[in-house]
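# Descriptive analysis of the structure
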Amino acid sequence: MSAQPQGNATAGAQGGHAGSAAGGGGGGGGGGGGAAAEGPDEAAIINDMLSGYLLLVLGCISAALIIWRLSTGLSKYVRHVSCLNNDTQKYFARAGAKWSWFKKNIQYSPILSKRHNREFQLSSAINVGTLPTRLQLVFLLGYFSTNVAFCVMGIDFSQPVGASATVFINRTGTLAVANMIPLFLMAGRNNPLINWLGISFDTFNLLHRWLGRIVALEALAHTLGYLYRSAASKGWAVAFQGIFKSDFLIYGFVATAAFILIAIQATSIFRHAFYEIFKILHIALAIASVVGLYYHLGPKGFPQIKYLYPVMVLWAFDRAARFLRVAYYNFGSGGGKALVEALPGGATRVTVTMARPWFFKPGQHAYLYLPSVSLWQSHPFSVAWSEEAESLSEKLPMARSDVLAMKKTTVSFIIRGRTGMTGNLYEKAASCVDGRMVTRCLVEGPYGGMHQMHSYGTVMLFAGGVGITQAVPHVRDLVIAYSNGMAATRKIILVWTIQSPEHLEWIRPWMTEVLGMEKRREVLRIMLFVSRPRSTKEIHSPSSTVQMFPGRPNIDTLLAREMEDQVGHMGVSVCGPGALSDEVRRAVRNKQYNGAIDFVEEAFSW
């Protein structure tokens, strides 16, 4: 690879430093200003080619996952249709040896023994995050290693510092800007890949965090490379001072500094301990990095700007889609009001009246904006219940619009009061008369709901604490589908672990409705485990289908018992504390060879 002329190297170095901010610096076209006048050189072509390879790798992985999702979806559909009138479903209960090995050792496997979703807790407000699964780790290590290799590939470091450093500066800057495209795509709540690939928002959050670290490291390498090259001839003091002598370099430095600050403040400790501050600062720094990079690359006409335009479009699209969701479901027709009820155990039940019908599916979540509690922030919560009620009116509806106007959709959430917004919400509701208040509330959603359970002959739902909000909609949906002959499901087992019997009040009105449904006794069993009972008198089983036990459940025993007379393919879902999720995951992995069994973990990581 030929070295750039010295004039181009200087221009490229300057661009490289400034661009480091956004990860993609000036040298970005391979040669800075000279390259813009004379056309791209060999180094610029290689940089562009390697950036394209990175995006192509991600595209190929996405295509493979789409094919995987389509094939598994077709398999579930065939199973669903085949088992509608089949009460034994023996064929689908069999476990294939190779498929069981794959699920046990790869698909569901944590890195080591069983720890995956359980956080490393340092205090009540501070933890250092979770561990990825083996599949996630393989992807992260592979993509990180590919970026490292591409940053140094083909660079002859035996050449003089000016030549080799210039190529390195341009390379790291270009790769950083290219990586910003998947970085911003994975950050969006309206990311279409979530549904196309069948990957949870939780997983995309993990990938987003690591893509951000890669961009920050490449931006830092870009900047340090520029400083090293300048210091080799002028000294470190002059190199640092030179940053602030041109707008071009200042904008690049601002972007680099923004990315480094994002990488620091987005660590799990700061993210969880100061979530409100983190969110505002995270958005502000992201905007600063994009603006800095735009004014670093745009005025000079560097070709890396072509990677920045999609980033800006993705960010604008997600923000616009979020605003439209909020406006459509909350504005007008008396929408956007919430009844907040303080419940035992420091929880609140929030029931929001929507302006328009909400097409709800089990497993969905939404973001709540409560201006009177937290002015700027939105927090994700599982939708525990949704229903439509007709408004009383003496007017005879004459048009379809009149009929729709008479129906009011409400969505309900259970929010456990902890620190920050959730704690303030509970305290404010508890201080009101009868522990109830009405406040303004905007709902952004719905999101999620990919994992539907109708194709499983046996469904086991594990919930811990407020994780019951994920399970209740599935229970209602499956009981209704069974009653109408629309599901393959013949057994539904709900296992809920709570600390005190008073927590039953969280979902009492909804479960009362479920327990009164037609054919419920034929298909549904509920097991309640009270981990901290005050006395044995609190533990009593209302019936053979609703049982209560002291202590914590033995997941292995419960799962083995249900698999002895398993009907069809079994689906196991869990939502709750990380320790419970990891125990259920381990039990499912250990039972892979005993019968056909799938595992779904519902979790939010932020």
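If you're wondering where the values come from, they're calculated on a predicted model, not measured in any experiment. (Residues numbered from 1 in each chain as written. Predicted model: local features only at pLDDT ≥ 70, side-chain atom pairs only at ≥ 80, totals over all residues. Heavy atoms only, no water.)

### Structural notes on the overall build of the protein chain
- Along the backbone of the protein chain there are 21 helices and 14 strands.
- Burial statistics for the protein chain: of 606 residues in total, 52% are counted as buried.
- Look at the contacts in the protein chain between residues 6 or more apart in sequence, and 75% of them connect residues 24 or more apart.
- Looking at the protein chain as shown, the accessible area adds up to about 27100 Å², and 63% of this sits on carbon and sulfur atoms. (Helix = DSSP H or I, 4+ residues; strand = E, 2+ residues; numbered from the N terminus. Buried < 20%, exposed > 50% of the residue type's maximum accessible area, 1.4 Å probe, protein only. Contact = heavy atoms within 4.5 Å. Areas by Shrake-Rupley, 256 points an atom, 1.4 Å probe, with all protein chains shown as cover.)

### Focus on the packing of helix α11 (residues 247–265) against helix α13 (residues 275–297)
- Orientation of α11 relative to α13, taken along the N-to-C sense of each, is 155°, at an axis distance of 8 Å. The orientation of α11 relative to α13 falls into the category roughly antiparallel. Crossing geometry of α11 relative to α13 is assigned as left-handed. Facing α11, whose interface residues are Phe248, Tyr251, Gly252, Val254, Ala255, Ala258, Phe259, Leu261, Ile262 and Gln265, α13 presents Phe278, Leu281, His282, Leu285, Ala286, Ala288, Ser289, Gly292, Leu293, Tyr295 and His296.
- Class assignment for the residues of the contact of α11 with α13 results in 15 nonpolar, six polar and no charged. (Axes fitted to C-alpha atoms, helices over the stretch in contact; angles between N-to-C directions. Parallel < 35°, antiparallel > 145°, perpendicular 65-115°, else oblique. Left-handed = near helix turned anticlockwise from the far one by under 90°. Nonpolar A, V, L, I, M, F, W, Y, C, P; charged D, E, K, R; others polar.)

### Concerning the UniProt feature "transmembrane region" (unreviewed entry) in the protein chain
- The positions that UniProt labels "transmembrane region" (unreviewed entry) are, in the present scheme, residues 50–70, 137–155, 167–189, 210–228, 248–270 and 277–297.
- Along residues 210–228 the backbone is 100% helical and 0% strand, and the end-to-end C-alpha distance reaches 26 Å.
- End C-alpha to end C-alpha, residues 248–270 measures 32 Å, and it is 91% helix and 0% strand. (UniProt positions renumbered as here; feature names shortened; annotations may be inferred.)

### Quick notes on the packing of aromatic side chains
- Throughout the structure, instances matching the rule amount to 17 aromatic pairs.
- Residues Trp236 and Phe240 carry aromatic rings whose centres are separated by 6.2 Å and whose planes lie at 35° to one another, so their mutual orientation is tilted. Of this pair, Trp236 and Phe240 both sit in helix α10 (residues 236–242), four residues apart, which is roughly one turn of that helix.
- The class for Trp236 is partly exposed, based on a relative accessible area of 47%.
- Judged by centre distance (5.0 Å) and plane angle (85°), the ring pair of Tyr328 and Tyr329 falls under edge-to-face.
- Using a relative accessible area of 12% as the deciding quantity, one classes Tyr329 as buried.
- A connected cluster of aromatic rings, assembled from ring pairs, spans Trp68, Trp99 and Phe102.
- Over the aromatic face of Tyr367 sits the side chain of Arg189, whose NZ or CZ is 3.6 Å from the ring centroid.
- The ring of Trp210 carries the charged tip of Arg213 above its face, separated from the ring centre by 4.5 Å. (Phe/Tyr/Trp six-rings, centres within 6.5 Å; stacked < 30°, edge-to-face > 60°. Lys NZ or Arg CZ within 6 Å of the ring centre and 35° of its normal.)

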